[in-house]
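What follows is each chain in one-letter form.
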Amino acid sequence: MAEGSSENTLDVVIVGAGFAGMYALHSFRGMGLQAKVLEAGNDVGGTWYWNRYPGARCDVPSVEYSYSFDKDLEQEWNWTEIMAAQPEILEYAGHVADRFDLRKDMQFQTRVTRTIFDESSNLWQVVTDAGKTLRARFCVMATGCLSVPNTPTIAGQDSFAGAVYHTGNWPEAGVDFSGLKVGIIGTGSSGIQSIPVIAEQAAHLTVFQRTPNYTMPAANAPLKPEFLQQAKENYPNIRAEQRASQVGIVGYGFGFGGAENVEPTEEIRNTTEEERQRLVEEEGFLAIRRYADVSVDEAANELACDMYRTQVGRVIQDPETADALMPRDYPMGCKRPVIDTNYYETFNRANVTLVDLRKGGIDRITAQGVSTAQGEHAFDVLVYATGFDAMTGALGKIDIRGRQDVALTDYWEAGPRTYLGLQVAGFPNLFTVTGPGSPSVLSNMIVSIEQHIDWIAQCIADLDQRGAKTIEATSAAEDAWIAHVNEVAENTMFTAQSCNSWYLGANIPGKPRIFMPYVGGVGVYREKCDEVAKNDYKGFLLQA
Ligand code: FAD
Ligand code: NAP
């Protein structure tokens, strides 16, 4: 449809067909609204559609990383592992799409490039890369927090003669590494998950590591049928606990073959060096989980980091490689936690080489491989496991215009500003699902997605019931919320001076250093959102 033509106005345009967009469509349709999803990819699944790299897997127990909105769906789906792998999660997304006939209101291979709020009609105009325009009363950005892969700019990178992949945009057909020499840049969650699996297949794997990470053993295992049954019977309690919890996870499943869910209750500051060493020898990395002060006190944290480095030294056979793999100079827990399967053991393999970029960084990419200050490394395939422009990346790629043609990117020049992570002042009827300023990436995302969509759905119903046409955050409410978000993040490891995480935007050159998610907790946050709705949408302006 051409811009300006008269296709029927929709109630809601939803951008993105990941778990957020799928549930949004289901909810809005259930309210009798006309809703449509626009998705850049070929199918549903979002993260799990794009991130098909070897070893990709959830790090939340499967029974918890699943929708709660339909009791029959909960009962009929059978997870096979404590933490599901990407193919199984994608299959689940496909199953949900089939079961609720979602695809009929989804348009794939369609990227939204612009959205403009038309103040005269109070409608959003949503423009696609095919030049079509849709009009809707509400625009729901379900565009994902980790959906824009970051490929760093490195001199000569287009000259590499072999195949190049990014973990966040993996080919649907997969990649066969058999007999090939592979280079991989990046040792975040995606690198740490894929390195052991690629190493098993490739002739040789060279890992380029700039910053060693802290990672804990996943201890994943098949789900026992009797446990799954027990979980199904207990779902109402599991869901209630998730919703009231700090991060939307109650650890249901870790005790059934995986690492047990240990509540940190002890203080590492009250221990002796001998005791800590003994515990590392007995329990390895997991010994650290018992200490509560590690997440709140930098000196305590450093004691835990020492335990951690000791264990790295115990696992890695070559002392130089062990030293290179030891994280230093930033606290444990300041970045997104990583869990792994056989990560450190992989560096004991004869076909794996670690290049510690702290001893000399990448100079350039050549036709043959990577040239560093330490020498040349040649391979057939290059993998970027270099992360994402997180939380604001996907929104920043769309030219979003609010009142008076203000661009969201300009409004957010100094960092994202939202009220409750749900709305932005000056952008009426636009909602950001799991946006900056909400628990989002600090939580089990499906719990946070459902909470946001439920809140938005109720909000639209309330507006319609009152005859209100628009809702928008006030600047005062936005200011107060940002102050609160910053206040609760203060004095946590997340905002430590030495921390450079994507939570802070530190992985993207030029991005303002702002701690983006809300650390106050899923349960507390839900109460705050509900309170706002109950108090006549306090902090929002509703207009007829
Ligand atoms: P996404 O799944 O990212 O979907 C957003 C969709 O929007 C994408 O399909 C994208 O193509 C589309 N889109 C974006 N912009 C546009 C546009 N302009 N036009 C059209 N379409 C657009 N979370 C957890 O809680 N636990 C985990 O264990 C976990 N593991 C993860 C592992 C990986 C490898 C990654 C990358 C993330 C992981 N996450 C995890 C976070 C994960 O992103 C969320 O759990 C969840 O899948 C997000 O769903 P979503 O629908 O909000 O976003
Ligand atoms: P990431 O955590 O941002 O890690 C990116 C890696 O690339 C880092 O090691 C980084 O090094 C490195 N890097 C970036 N630019 C580089 C350069 N120019 N030269 C050398 N190295 C460079 O990204 P990710 O691993 O994709 O993970 C992102 C998030 O996705 C995770 O934190 C998590 O939320 C989610 N995820 C979850 C899982 C899971 O287990 N469920 C799995 C994958 C992803 P520096 O640290 O030095 O910057």
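Our structure is the block above this text.
Residues numbered from 1 in each chain as written. Chains lettered and ligands numbered in written order. Predicted model: local features only at pLDDT ≥ 70, side-chain atom pairs only at ≥ 80, totals over all residues. Heavy atoms only, no water.

Student: Looking at this model, I keep getting lost on the overall build of the protein chain. Mind explaining?
Tutor: When helices and strands are counted, the protein chain shows 16 helices and 20 strands. Over its C-alpha atoms the protein chain spans a radius of gyration of 24 Å, differing by no more than 12% from the 24 Å that the globule rule assigns to 544 residues. For the protein chain, with 544 residues in total, the buried portion stands at 55%. Counting contacts in the protein chain only where the partners sit at least 6 residues apart, residues at least 24 apart contribute 72% of the total. In the structure as shown, the protein chain presents an accessible area of about 22,200 Å², 47% of it carried by carbon and sulfur atoms. Across the protein chain, 45 positive and 70 negative side-chain charges occur, with their mean positions spaced 3 Å apart. (Helix = DSSP H or I, 4+ residues; strand = E, 2+ residues; numbered from the N terminus. Rg over C-alpha atoms; globule rule 2.2 N^0.38 Å. Buried < 20%, exposed > 50% of the residue type's maximum accessible area, 1.4 Å probe, protein only. Contact = heavy atoms within 4.5 Å. Areas by Shrake-Rupley, 256 points an atom, 1.4 Å probe, with all protein chains shown as cover. Lys, Arg positive; Asp, Glu negative; His and termini not counted. Charge placed at Lys NZ, Arg CZ, Asp CG, Glu CD.)

Student: How should the environment of I195 be read in this particular structure?
Tutor: Here I195 is to be found in helix α5 (residues 189-201). In sequence terms I195 and V383 are 188 residues apart; their C-alpha atoms lie 10 Å from each other. Not counting chain neighbours up to four residues away, the residues in contact with I195 comprise I184, G186, T187, L205, V207, Y343, T346 and F347.

Student: Any chance you could explain the site of ligand 1 here in plain terms?
Tutor: Ligand 1 sits among 33 residues. The nearest are E39, T47, D59, Y65 and M445. Within the contact set of ligand 1, an oxygen atom lies 3.0 Å away from a side-chain nitrogen or oxygen of W50. At 2.6 Å, a side-chain N or O of Y65 approaches an oxygen atom of ligand 1. Secondary structure elements with two or more residues in the shell around ligand 1: α1 (19-30), α2 (47-50) and α14 (445-466). Counting residues per element, the shell around ligand 1 draws most heavily on α2, which supplies three residues. Of the residues contributing to the shell around ligand 1, the split by class is 18 nonpolar, 11 polar and four charged. (Near = heavy atom within 4 Å. Polar contact = N/O pair within 3.5 Å; in protein donor to acceptor, adjacent residues only side chain to side chain. Nonpolar A, V, L, I, M, F, W, Y, C, P; charged D, E, K, R; others polar.)

Student: So what exactly am I meant to see when it comes to the packing of aromatic side chains here?
Tutor: Here a ring pair, both rings aromatic, is described through the centre-centre distance and the interplanar angle of the planes. On inspection of all chains with the given rule, the structure shows 38 aromatic pairs. Measuring from ring centre to ring centre gives 5.6 Å for W455 and Y537, while their planes differ by 75°; the resulting arrangement is edge-to-face. You can see W455 sitting in helix α14 and its partner Y537 sitting in the loop between α16 (522-534) and β20 (540-543), a full 82 residues away along the chain. Residue Y537 is classed as buried on the basis of its relative accessible area of 1%. On the basis of an interplanar angle of 55° and a centroid distance of 6.2 Å, the ring pair of W481 and Y525 is categorised as tilted. With W481 in helix α15 (residues 475-489) and Y525 in helix α16, the pair connects residues that are 44 residues apart, well separated along the chain. Cation over ring: K335 sits above Y330, and NZ or CZ is 4.8 Å from the ring centre. (Phe/Tyr/Trp six-rings, centres within 6.5 Å; stacked < 30°, edge-to-face > 60°. Lys NZ or Arg CZ within 6 Å of the ring centre and 35° of its normal.)

No statement about biological role is implied by the geometric values presented.
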